[in-house]
Structure formats: structure tokens, C-alpha cells
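Tertiary structure, described
Chain residues, written in single-letter form:
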Amino acid sequence: MTTLDTADVATGGPTLAQERRLVTSIPGPRSQELLERKAAAVASGVGHTAPIAAVAAGGGVVLDADGNSFIDLGSGIAVTSVGNAHPKVVEAVQRQAAQFTHTCFMISPYEGYVAVAEALNRLTPGDFPKKSALFNSGAEAVENAVKIARKATGRQAVVAFDHAYHGRTNLTMALTAKSMPYKSGFGPFASEVYRAPMSYPYRDGLSGPEAAARALSVIDKQVGAANLAAVIIEPIQGEGGFIVPAEGFLPAIAEWCSANGVVLIADEVQSGFARTGTMFASEQFGIVPDLVTTAKGIAGGLPLAAVTGRAEIMDAAHAGGLGGTYGGNPIACAAALASIDVFENEGMVPRARELGELMLDRLGALQAADPRVGDVRGRGAMIAIELVDPETQAPDAALAGAVARRCIGEGVIVLTCGTYGNVLRFLPPLSIGDALLHEGLDVVAAALAAEVTA
Ligand SMILES: *Cc1c(COP(=O)(O)O)cnc(C)c1O
């Protein structure tokens, strides 16, 4: 049994050399060694995208154990938005770890948790009194938002949408749309979950109001407002393919919820915290959700999640009905407070918009030159391209997978997504420099060109 020697590896954070550098083939020998140990020791169900052993990361790069430096266009799935090992986050984590690591907030409360709740209440959409509760993962936040909505309304049904992704726990598997790999063989699923058609402008050609009328008709007829506790929706869908609903779709859904006493839950686990060029994506669609779920980008990589929303709804659950041993862990809260400081005071929101313009520009040019790029969409630093058969617009998952693999082999971490698996998504850390992002997109363009469709 060997241990990777990482003592000679540079500390992560923004001082890491900001470059793409390949010194071995991918995976290199040390990465290969770890992957062999992984295959032997870790359950096969836990997959990986990039066949590397990560040892440091920061700015816009991830370093592996063989000394290869990758341009990071994934941020560990929209998590390290402030940048990996951001100095303010590192300092806050070190300070808190030396002070205390856990008391359990339900045993002995501490200030960090309360300060995160105050910040969330201030930053999320809506100028009404709000409250928050903290959890460990996005899925756990979604589960609790549903619990709260049920208690507040006295109703049971929940509506989620086509292409939705809300997590991998039992209730959130039921809410998630895609069977393979998220649900297949893992049932039975939680009951009283219903699915409505989503607005998907590239594929349904419907205006926002038309798509909303279609969804609301299904909800009315198959569920009935009187039975419905909550409608949960990602303002921009994440795993489902970065689908941006047509203009007017979300406001129509929000209006109907409000008129029918249905709790509107915006799942901003992926789209929240400056990612889309506003602090929350809901702001760009003119909706004010009753409850918002957050996680991923909230704490610079530490596990933390939250439900935030109207105080009277949040307070519906009885004392002891919400919580968890680790929810709002003090180190995660310290990291969140440091991250929120960075989001607010280091220009992260305008930076996400700049990165978005750069990516839309480059990917728009790619689309103009290559008919296999069927759609370019997204907001801010949450941008995707949908790869298709140029004749039929049929999804081309094989092409998306091949391009992503080729990019990784060339030193650029690119993620895929989409119900049909044919979407390449770009989620760079907001700390990436323009030059590095351009270079990453050069590699994507070259990889696409190199994959000649038969
Ligand atoms: C990732 C994600 C989740 C689940 O979060 P976990 O922390 O992985 O449990 C829920 N909703 C959305 C929109 C997500 O992107």
C-alpha cells in the first residue's frame, strides 16, 4: 500500500501557476495508481469524470499527482465559484477548526450558523421577513423544503418538472426526472410526486406563456391545486441540460402558485450564488419564490446547504421537526461567511456576467461554424452547448462524450449533462482569468473539430 507523495506539491489557491500543462499522458502513472486503488476500494456506483488524482487547485486550474495542470471548466459542479482554496476561505476554515469543530447546533448554538442564516435572509429574493435552516447537501435542503411546504399547507402533493434534477436521496430521486443513472433500480420512490412539462425553447418551440399553460393544465387536471403543497423548479435547470425556460414561463407558474396557495420552491442549488450573473437566477426571471434551496457554491467547497424563505412558511414546522447532527457545521459556516464576503466584495456577480459574455461569444462563433452545435444557452458563468445531428436535431450524446473525453486528455476539465446526455456545460470558477478561459475554449473547439461525425 503506497501513499501518494504530495509533500512536494504546491499549496493550492490563486498562487498556483495559472497554466495548462501536460507532462504525462492522461492518466499519468501516479493518477493511474490511485484509480486502481479506487477501483478496488470504492463502490463502483461512485463514478468519476476525469481520470486524475487531484492534489491542488485554485484560480482556474486543477493540479494532478503527476504534475499535470488542467484548466477547470467545471468547478467541481458549480461549487468552487469563489475559486478553489480561496485565501479567505482557507483562513476562516483554519481559524474555526482551531476554535471548535462541532457542538451540534441543536445542542449548543453558535454565531456562525446564525450569521449564515442572516446573510441568506438578506441575499435571497423577496423583501419580506425570511428565515433559514441549514443542512449538509442540496438533496437534504430539497427534502426539507418539501417537508416545510407540506407542514405549512397541510397538503401532500409536489410537482416537479421534466429534466429536473433535485438529488439522489429517496424523495429527491422521485423529484429527479432522469432514470439512468439516477433512479434506475433504486425504487420504490416516494409517493405524491407529479411531473409537469418544462419549457424547453430549443425543443418545444413554445413561448413562455404557452409552455406555462401546458404545464398548468397538467397540474390542474392530474393533481389539483387543493392537493398541492409545492411546485419545485430550477430557474435554470442544471443536470437536465442548462435549460433556460422561455420568457414568461416562470412568472406564470409563480402567479398560479401564489393564487392557489401553493408554495413555490426555487431550487437554486446549482444556479445560486453569483453563478448566473445575479446573486440568484430567480432575479433574472422576475420571480420571488416562497422558498429557495441553496448548496453547491455557498461555501467555497465545504458541505453546506440551506432552505430560506417566507418566515411564516419556514416557521410552520414544529420545534425539533427540522435539523440534523451536522447541519450548519461551524467550519462549513465559517467557509460560507468567507465565501459570501468574496461574492459581495470581490466583484463576483459582474465577473460572472463577463465570463458569460466571453463564453457566449466564443460558443456562438462555434455554433455559426459547426451545425452540430444546435443550441448555445445559459446565463453568466453557467453556459452550455447542445450537440445534435445537424439534419434532424436528434441529440448526439456520443459526440458530447467524445469531445469531453478528448478535452480532458488535452488538459481541460469539461462536464456533460442533459436528459439526452448531449450537452457540454461550462461552469468555470469565477476566479478564472480570461486568457485561461479562452485557452480552454480553444481546446473545446479543437476537440469538436477533431471528432468528425461519421
Ligand atoms: C446538485 C444539485 C442538487 C443535489 O445537491 P447535492 O449536494 O448533490 O445533494 C439538487 N438540486 C440541484 C439543482 C442540483 O444541481
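Model, not experiment: these values are computed from the prediction. Note on numbering: residues in each chain are counted from 1, in written sequence order. Local features in a predicted model are, by the rule used here, given only for residues with pLDDT of at least 70; side-chain atom pairs are given and counted only at 80 or more, and totals for whole chains, interfaces and linings are based on all residues. For the side-chain quantities, the full set of heavy atoms in the structure was used; hydrogens and water were omitted.

1. Concerning the pattern of salt bridges
The test is simple: Any Lys or Arg side-chain nitrogen located within 4 Å of an Asp or Glu carboxyl oxygen qualifies as a salt bridge. The way it works is that DSSP assigns letters per residue, a run of H or I at least four long becomes a helix, a run of E at least two long becomes a strand, and they are numbered from the N terminus. Exposed residues in this analysis have more than 50% of their type's maximum accessible area, buried residues have under 20%, and partly exposed residues fall in between, with area computed by a 1.4 Å probe over protein chains only.
Within this structure, the stated rule accounts for 18 salt bridges. Residue E439 is joined to R20 by a salt bridge in which the shortest nitrogen-to-oxygen separation is 2.9 Å. Of this pair, E439 sits in helix α14 (residues 434–450) while R20 sits in the segment before α1 (29–41), placing them 419 residues apart in sequence. Among the residues examined, E439 registers a relative accessible area of 26% and is labelled partly exposed. The network of salt bridges with shared partners includes R203, D375, R377 and E386.

2. Concerning the site of the ligand
Stated formally: We call a residue near a given molecule or strand whenever any one of its heavy atoms falls within 4 Å of it. Any pair of nitrogen or oxygen atoms within 3.5 Å is treated as a polar contact; in protein, a donor-acceptor pairing is required on top of that, and neighbouring residues in sequence qualify only through side-chain atoms on both sides. Per-residue accessibility takes into account occlusion by the displayed protein chains alone, with areas from the Shrake-Rupley method and a 1.4 Å probe. Residues are grouped as follows: Ala, Val, Leu, Ile, Met, Phe, Trp, Tyr, Cys and Pro are nonpolar; Asp, Glu, Lys and Arg are charged; all remaining types, including Gly, are polar.
Lining the immediate environment of the ligand, one finds S137, G138, A139, Y165, H166, G167, E234, D267, V269, Q270 and K296. One nitrogen or oxygen atom from the main chain of Y165 is found 3.4 Å from a nitrogen atom belonging to the ligand. In the model, an oxygen atom of the ligand is placed 2.7 Å from a nitrogen or oxygen of the K296 side chain. When the free accessible area of the ligand is taken as 380 Å², the share hidden by the protein chains comes to 83%. In terms of residue class, the shell around the ligand is made up of three nonpolar, five polar and three charged.

3. A look at the side chain of N329
As a reminder of what qualifies: Should any heavy atoms of two residues lie within 4.5 Å, those residues are considered in contact.
If you trace the backbone, N329 turns up in the loop between α10 (311–314) and α11 (330–345). With relative accessibility at 18%, the residue N329 sits in the buried group. Of the polar contacts made by the side chain of N329, one reaches the backbone oxygen of T101; its length is 3.0 Å. With residues up to four places along the chain from it excluded, the contact list for N329 reads T101 and Y110.

4. Looking at the packing of aromatic side chains
For clarity, the threshold we go by: Stacked, edge-to-face and tilted labels apply to pairs of Phe, Tyr and Trp rings (six-membered ring for Trp) whose centres lie within 6.5 Å, assigned for plane angles under 30 degrees, over 60, and everything in between, in that order. By the criterion adopted, a ring carries a charge over it if an Arg CZ or a Lys NZ lies within 6 Å of its centre and within 35 degrees of its normal.
Throughout the structure, instances matching the rule amount to seven aromatic pairs. Centre to centre, the rings of F161 and F249 are 6.0 Å apart; their planes meet at 75°, and the pair counts as edge-to-face. Residue F161 is located in strand β5 (residues 157–161), and its partner F249 is located in helix α9 (residues 249–259); the two are separated by 88 residues in the primary sequence. Centre to centre, the rings of F273 and F280 are 5.2 Å apart; their planes meet at 65°, and the pair counts as edge-to-face. The burial state of F273 is the same as that of F280; both residues are buried. An aromatic cluster of three or more residues is present, and its members are F100, F105, Y110 and Y113. Stacked on the ring of F128, the Lys or Arg K130 has its end atom at 5.8 Å from the ring centre. Lying across the ring of F128, R310 places its NZ or CZ 3.9 Å from the centre.

5. A closer look at the domain arrangement of the chain
Rules: Throughout the structure description, domain borders are defined by an automatic or database domain assignment. The term buried area denotes the loss of accessible surface (1.4 Å probe radius) that occurs when two parts are joined, taken as the sum for both partners.
Along its sequence, the chain is organised into domain 1 (13–85 + 348–450) and domain 2 (88–345). Here domain 1 and domain 2 have C-alpha centroids that lie 26 Å from each other. Counting residues at the interface gives 40 residues for domain 1 and 33 residues for domain 2. Taken together, both faces of the contact between domain 1 and domain 2 bury some 2,900 Å²; the carbon and sulfur share is 59%. When the area that domain 1 buries against domain 2 is broken down by residue, the three leading residues are V82, R379 and M382, summing to 25%. Inspection of the domain 1/domain 2 interface yields two salt bridges.

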